[in-house]
Amino acid sequence: MDVMRETWLVFRHNVRILLRQKVGILFGVMQPLLYLVLFGPLFATIGTWETLVPGLLVQVSLLSAGMAGFGIVFDLRAGVLERLRVTPAHRVALLLGRVLGSSLILLIQSVMLIALGYAFGLRAPLPGVLAGLAIMALLGVSLAALSNAIALTLDPDLFAPVVSTVVVPLILLSGAFLPMSMAPAWLDAVSRATPFRHVVEAVRDLFAGHYATATVGVGVAVALALSAVCVAVGTRVFNRANA
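Structure report, in brief. Since the model is a prediction, treat every value here as computed from it, not as a measurement.

Criteria and thresholds
- Residues numbered from 1 in each chain as written.
- Predicted model: local features only at pLDDT ≥ 70, side-chain atom pairs only at ≥ 80, totals over all residues.
- Heavy atoms only, no water.
- Phe/Tyr/Trp six-rings, centres within 6.5 Å; stacked < 30°, edge-to-face > 60°.
- Helix = DSSP H or I, 4+ residues; strand = E, 2+ residues; numbered from the N terminus.
- Buried < 20%, exposed > 50% of the residue type's maximum accessible area, 1.4 Å probe, protein only.
- Contact = heavy atoms within 4.5 Å.
- Salt bridge = Lys/Arg side-chain N within 4 Å of Asp/Glu carboxyl O.

Applying the stated criterion to the full structure yields six aromatic pairs. With centroids separated by 5.1 Å and ring planes inclined at 80 degrees, the aromatic side chains of F70 and F159 adopt a geometry described as edge-to-face. Of this pair, F70 sits in helix α4 (residues 70–78) while F159 sits in helix α8 (residues 156–173); the two residues are 89 residues apart in sequence, bridging distant segments of the chain. The exposure class assigned to F159 is buried, which follows from its relative accessible area of 0%.

Take the environment of F177 next. Within the element layout of this structure, F177 appears in the loop between α8 and α9 (185–192). Classification of F177 as buried rests on a relative accessible area of 14%. Distance from F177 to T213, taken between C-alpha atoms, is 22 Å for residues 36 residues apart in sequence. Those residues within four positions of F177 in sequence are excluded, and the remaining contacts are Y35, F39, F43, L56, Q59, I171, L172 and R204.

The next thing to look at is the pattern of salt bridges. Overall, the coordinates contain three salt bridges when judged by the stated rule. One salt bridge in this structure joins R197 and E201, with 2.9 Å as the shortest N-O distance. With R197 and E201 both in helix α10 (residues 195–207), this residue pair falls four residues apart, about one helical turn. Given the relative accessible area of 1%, R197 is considered buried. Through salt bridges that share partners, D188, R192, R197 and E201 make up one connected network.

Below you can see the structure in the form of structure tokens.
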């Protein structure tokens, strides 16, 4: 019970800080919004909005939750983590509060993107959208936990260039812009080895109104497994850094 209460307190504190940074929330979703506006009408001539928008949601998650470790970088430089080392709060609560806060911001950004998608022609059913957002929340938890772990492991000056370098190929390999079934066999195989492709394909099925499919099952299983692994890794690194 103490862990849950402490997690809630840390979550509430971080959300208040994040919500004050309205420009940052908008900036985090700006690139996918630009893709939607500038690339979407062109993509719609060969595909559908129900194909493109789920890909852009994964792009948002990688750009937003994937960069959540910036908070750790700032806290390291400001000496906040030094003060956390002497607090009696559970270390897992300190991590989960941050991670859940980042995931909430990701959901806000995802809703913004979906709303604009509907304005352009997206016609996904509401149950599919809600189920897709649930998967996005799991993905947000995974990426935020891993991002925090990376920020605690790397030199603070290396976090931004390393993570941004990794994010771009992961977005492309996920099939966010074009289905990877169109790619050469070797690239298709590499793409299947990444978890993000399975998430994209699951959300695309949901947005198309297909719920009880093997693709959705695999995507949900991958999202659950990824969140469990990333939270475990993030907790271990956080505990070690704040021992």
